Amino acid sequence: MEEQLKAATDAAAQMGVDVEKVTETAYTMVLSYGPKLVLAIVTLFVGLWLINRIVNTARRQMETRADPTLGGFIGSLSSIALKAMLLIAVASMIGIETTSFIAVLGAAGLAVGLALQGSLANFAGGVLILFFKPFRIGDVIEAQGFLGTVKEIQIFNTILKTPDNRTIIIPNGALSNSSMVNITREPTRRVDMKFGIGYGDDIDKAKEVLRGLITSDPRILKDPEYVLVVSGLGESSVDFTVRVWANKEDYWGVFFDMQEKVKKAFDSNDISIPFPQRDVHLYQAS
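(A) View of unusual backbone geometry. Following Asp223, the chain continues to Pro224 via a peptide bond in cis, the omega torsion being 5°. As for its placement among the helices and strands, Pro224 is situated in the loop between helix H7 (203–216) and strand S7 (227–233). For Gln144, which is not a glycine, the phi torsion comes out positive at approximately 55°. Inspection of the secondary structure assignment puts Gln144 in the loop between strand S1 (140–143) and strand S2 (146–153).

In structure tokens, the structure reads:
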């Protein structure tokens, strides 16, 4: 080892390099920048640990006391912002000019922003959704040609789960700038139904049967009051429109049960439910 070091020193001397001066310069740089570098590394790791702890604690607090979606969204944004501030602080500790560093970051951010205009529009849409709250997690909405339950509102997309268990991903930009129907926003919903009887059947008797079915179902609300009217005279039936109110979770139960109950009740009371039919007359030419 000593022979190799002596040979390297001799070779450097032959090349005109002042080994002692180089060694002194290196020693000075180690003494000058070594502690700063070590301190910057320690600051980086400790700062990342603290940021993760702070963000996770704040996210849990917001999820328990506020909107869970808002907690995740704000947690992600705060994590990115704090980490960016930490990197700038660490860069200044090791002697990098923060002004130039911030300028480089700004230029890079501008270039990325121009390249990802669609993603920025989705990000802005997510902010608008979280701010104005047109829907929340658990709501059933119809938007962009899809109907489903909101499972997650991410920074760029909203995740829906359809009744047949399909996952729909809708960009927030399109969702925040188009029409959307929130089906379960209100606690109650109106159930609209239509039933028909034959022209030879008794209208008053059919009304009495329908009225009995409506009043006997505890899921149908008393207020607002139900509506039962003759709404049309069709080609082959007298049509009744029935409108009742129920809690949103009972909507489909009331709708489907009434279809079965009306059919059975009409059959037991000799009330016909007509179906389209035509009379065909045959004429024999003489």
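(B) Focus on the nonpolar core. If you look at the biggest cluster of nonpolar residues, it comprises 23 residues, and the most contacted ones within it are Leu210, Val242, Val244 and Phe266. For this core, the elements supplying multiple residues, two or more each, are strand S6 (188–197), H7, strand S8 (238–247) and helix H8 (251–268). Ranked by residue count, the leading element in this core is H8, at six residues. Those residues in contact with Phe266 that lie beyond four places of it in its chain are Gly196, Ile197, Ala206, Val209, Leu210, Ile271 and Ile273.

(C) Structural detail: H7. An ideal rise of 1.5 Å per residue puts 20 Å on 14 residues; H7 measures up with 20 Å between its terminal C-alpha atoms. Ala206, Val209, Leu210, Leu213 and Ile214 are the residues of H7 that are buried. All buried residues of H7 lie within an arc of 135° about the axis, which places them on one face of the element. For H7, the exposed residues lying more than 90 degrees away from the buried face are Asp204, Glu208 and Ser216. For H7, the secondary structure elements touched by its buried residues are S6, S7, S8 and H8. Between the side-chain oxygen at the start of H7 and the backbone nitrogen of Asp204 there is a gap of 3.0 Å, and the oxygen is on Asp202.

Reading the values: rules and limits
- Residues numbered from 1 in each chain as written.
- Predicted model: local features only at pLDDT ≥ 70, side-chain atom pairs only at ≥ 80, totals over all residues.
- Heavy atoms only, no water.
- Helix = DSSP H or I, 4+ residues; strand = E, 2+ residues; numbered from the N terminus.
- Core = buried A, V, L, I, M, F, W, Y, C linked by side-chain atoms within 4.5 Å.
- Buried < 20%, exposed > 50% of the residue type's maximum accessible area, 1.4 Å probe, protein only.
- Contact = heavy atoms within 4.5 Å.
- Expected span 1.5 Å × (residues − 1).
- Arc of directions from axis to C-beta.
- Polar contact = N/O pair within 3.5 Å; in protein donor to acceptor, adjacent residues only side chain to side chain.

Purely spatial values, then, with no claim about function.
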